[in-house]
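Breakdown of the fold
For reference, the chains in residue letters:
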Amino acid sequence: MLRHLFRTVNLFDTAKSALFLCILAGCHGQSGAGGGARGLVYYETYDPRSLDPALSTDVPTGEMITLLFDGLTQFNADGQLLPGLSDRWTADRTGQRYVFHLRSGVTFHDGRPLVAADVKRSLLRVLSPGTRGGRVWPLLPIAGAQDYADGRARDVTGIAVLGDTAIAFTLTEPLAVFPKFLAMPVASVVSPAVPADFGQHPVGTGPWRFVAWEHDDYLRFARNPSYWGGAPLGESLTVRIIPEALTRAAEFLAGRISVVEIPFGETKKWEQEHPDWLKRKPALRPIYVPLNNRRGALRDPRVRQAINHAVNVPEILRTVWNGRGDLAAGSIPPTLGGSDPSRRPYSYDTTEARRLLRVAGYPNGFSLQLWRSGTNVEMGRVAQAIQAQLAAVGIQVEIVSRDASSMREAVRKGDTDMAITDWWADYPDADNFLYPLFHSASVGPGGNYAFYRDRVTDSLIMVARRTVGQSAREALYRRIDTRVYDAAPWLYLWFAVDLWAEHPSIEGWDIPVVFNGQRWTKVRVKAGR
């Protein structure tokens, strides 16, 4: 994170400076001469890495890029895939070749018209060996992309520009979720004029135009009046950098930010004092404990099932997590196609847990280590509750507390028995909870922290990825999730439920289920405020 201040100014700066002073003072209710709403204020917990889509690797960067840029497709707050710069697309029967048609009349913030060559140029820029540090995986299914990224080819054979208005992609193999990959920030389309300091002076086609960035303090944006999707209802949007949760809550109550996530320790207080301000939405985020399937007693699925029966998950959810979750009976969030609402979570049954341990050859239990991040207080309390409940069936748990990076490294290497963690969706599809979390190609750094390996599961996941029909693919997802769930590679806990407050002066904001699903275009200050 950069600690110095680097002020950037463009033509919008002078015109907005008086407004910005009002924003910092919390003047949500001011209106412009044209009746447009002003004073929208969001926050990030730390400074974005860059405003260059090619360097998008973290949530603050991705959220800011979503304001400034468009991809061929996009997500809404509920995670639905919508047209973006492409107003329609087609796929062949195999799901291996896609053609995206560009909507007409789109211009960049600098006035240049969008053409199909800009799309290819933007994606090649991301893949170029000279670009360092971005997450290019959404583009690697394109034929020739890996060779180009590795410097073995001078072009990407799988990208074809079809005049000014269409672009075609040929993939190395069928991939039904590819249009969702193109909604990721790294696939955003940038202006053909890219200066060396583009990450500080971004130019896109998005609903908001860049105004200024005071590092570790704030970013400022002005609405794009010529946005193809309709100009944002708010005149300006400021994003403040506020690391501390309680500080954010205090700033919200003072009217200086528009929305805030409710701190865990404040849940009951906010529910009692400000119930009308609160918004809840199930998140695409499982909280779980991967059980290392290749270590000691955890190799036996009966032991893993016993662990699931030995832990009173509903009680921990209620008493430790403030009820902010839905019990998990699988890895696919219940709001996504492919989940099975009829499947029941493992029951809390210590008798069954002891029976399973006995038939597995562990009548007197055994010892394990449970790793946790020392900086996450809530996860630490969950770990302590799990420790106490497993002790009741003879499983002695040592809690190992480490900093987040050390814990992550140990989990990825397979050096842990258990670790309490979570998984944030990159794209809203069951594939994002099956391929990275359970395919054998993803063990370790790829996300399969349980080191679960099963040839049938691998095969079914690949069949699902190639299946174009949505209903058929979702049926496969349910079958895969059931097979994995029965093998119990995790201690299944819950799916988080997000809890936010919207300031009473604001309307139109919704909790996004994916980090790039909220573009602030329909949010405004209420009339008369």
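Residues numbered from 1 in each chain as written. Predicted model: local features only at pLDDT ≥ 70, side-chain atom pairs only at ≥ 80, totals over all residues. Heavy atoms only, no water.

**Comments concerning the environment of Trp423**
Note the following rule: The helix count covers DSSP runs of H or I at least four residues long, the strand count covers runs of E at least two residues long, and both are numbered beginning at the N terminus. We call two N or O atoms a polar contact when they sit within 3.5 Å, provided that within protein one can donate a hydrogen and the other can accept it, with sequence-adjacent residues counted only if both atoms are side-chain atoms.
Within the secondary structure, Trp423 sits in the loop between β17 (421-422) and α13 (431-438). Between the C-alpha atom of Trp423 and that of Phe495, which follows or precedes it by 72 residues, the distance is 9.7 Å. A polar atom in the side chain of Trp423 sits 3.2 Å from the backbone oxygen of Asn432.

**Regarding empty space enclosed by the protein**
Threshold: As defined here, a cavity is a set of points on a 1 Å grid over the protein atoms alone where a 1.4 Å probe fits but cannot get out. A pocket is an open set with protein on both sides within 12 Å along at least five of seven lines, and residues line them when an atom is within 4 Å of a point. Grid points are joined across faces, edges and corners, and a volume is the space filled by probe spheres set on the points. Polarity classes work like this: nonpolar for Ala, Val, Leu, Ile, Met, Phe, Trp, Tyr, Cys and Pro, charged for Asp, Glu, Lys and Arg, and polar for all others, with Gly in that last group.
Under the criterion given, the structure shown has 2 cavities of 30 Å³ or more. There is about 110 Å³ of room inside the largest cavity. The wall of the largest cavity is formed by 15 residues, among which Thr66, Phe69, Gly71, Ala183 and Asn516 lie closest to the centre. At the level of elements, α2 (59-68) and β2 (73-75) are the ones that each hand at least two residues to the lining of the largest cavity. The element that contributes the greatest number of residues to the lining of the largest cavity is β2, accounting for 3 residues. Its residues placed into classes, the lining of the largest cavity shows 7 nonpolar, 6 polar and 2 charged. Roughly 80 Å³ of volume is contained in the second largest cavity. With 3 residues, the single largest contributor to the lining of the second largest cavity is α2. Each residue belonging to the lining of the second largest cavity can be placed in one class, and the counts come to 8 nonpolar, 1 polar and 1 charged.

**Description of the pattern of salt bridges**
We apply this condition: Note on definitions: salt bridges are taken to be side-chain nitrogens of Lys or Arg within 4 Å of carboxyl oxygens of Asp or Glu. Under the scheme applied here, a residue whose accessible area is under 20% of the maximum for its type counts as buried, over 50% as exposed, and between as partly exposed, the area being computed with a 1.4 Å probe on protein chains only.
Counted under the stated rule, the structure contains 26 salt bridges. Put simply, Arg483 and Asp454 hold a salt bridge, and the shortest N to O gap is 2.7 Å. Of the two residues, Arg483 is situated in helix α15 (residues 470-487) and Asp454 in the loop between α13 and α14 (455-466); the sequence distance between them amounts to 29 residues. Judged by its relative accessible area of 34%, Arg483 is partly exposed. Given a relative accessible area of 18%, Asp454 falls into the buried group. One connected set of salt bridges, linked through shared partners, spans Asp78, Lys281 and Asp510.

**Some thoughts on the pairing of strand β12 (residues 278-290)**
Selection criterion: Strand pairing is assigned whenever DSSP detects at least two bridges linking the two strands.
Counting buried positions along β12 yields 10 of 13 residues, so the element is predominantly enclosed. Here β12 runs beside β17; their pairing, made up of 2 bridges, is antiparallel. Looking at β17, one finds that Tyr288 is bridged to Thr421.

**Let's talk about the packing of aromatic side chains**
Stated formally: The rule is short: rings of Phe, Tyr and Trp, with Trp giving its six-membered ring, pair when the centres are within 6.5 Å, and they are stacked under 30 degrees, edge-to-face over 60, tilted in between.
All chains considered together, the criterion is met by 27 aromatic pairs. Measuring from centroid to centroid gives 3.7 Å for Tyr288 and Trp490, while their planes differ by 20°, and the two rings are stacked. Of this pair, Tyr288 sits in strand β12 while Trp490 sits in strand β18 (residues 490-502), placing them 202 residues apart in sequence. Comparing Tyr288 with Trp490 shows no difference in burial state: the two are buried. Here Trp509 and Trp520 contribute two aromatic rings whose centre-to-centre distance is 6.4 Å and whose plane-to-plane angle is 50°, an arrangement assigned as tilted.

**Quick word on the pairing of strand β15 (residues 395-402)**
Going by this rule: When the strands point away from the viewer and the path from the first strand over the helix to the second turns clockwise, the crossover is right-handed.
Here strand β14 (residues 366-373) runs beside β15; their pairing, made up of 8 bridges, is parallel. Across the sheet, the residue bridging to Leu370 is Ile399, located in β15. A crossover links β14 with its parallel partner β15, the connecting element being helix α11 (residues 377-391), and its sense is right-handed.

**A short note on the environment of Arg402**
Here is the rule we go by: Whether two residues are in contact is decided by their heavy atoms, any of which lying within 4.5 Å being enough.
Examined against the element boundaries, Arg402 turns out to sit in strand β15. In this structure Arg402 comes out as partly exposed when scored by relative accessible area, which is 41%. Measuring from C-alpha to C-alpha, the distance between Arg402 and Val260 comes to 29 Å, with 142 residues separating the pair along the chain. If we skip the residues at most four places from it in the chain, Arg402 touches Trp371, Arg372, Ser373, Gly374 and Met407.

**Here's the deal with helix α6 (residues 245-253)**
In plain terms, the rule: By construction, the arc corresponds to the directions joining the helix axis to the C-beta atoms.
Among all positions of α6, only Arg248, Ala249, Glu251 and Phe252 are buried. One side of α6 carries all its buried residues, which in axial view fall inside an arc of 165°. Packing partners of the buried residues in α6 comprise β1 (40-44), β10 (236-241), β11 (259-261), α7 (267-273) and β18. In the segment just after α6, Gly255 is the residue with positive phi, at about 80°.

The values reported here are purely geometric and, on their own, carry no functional implication.
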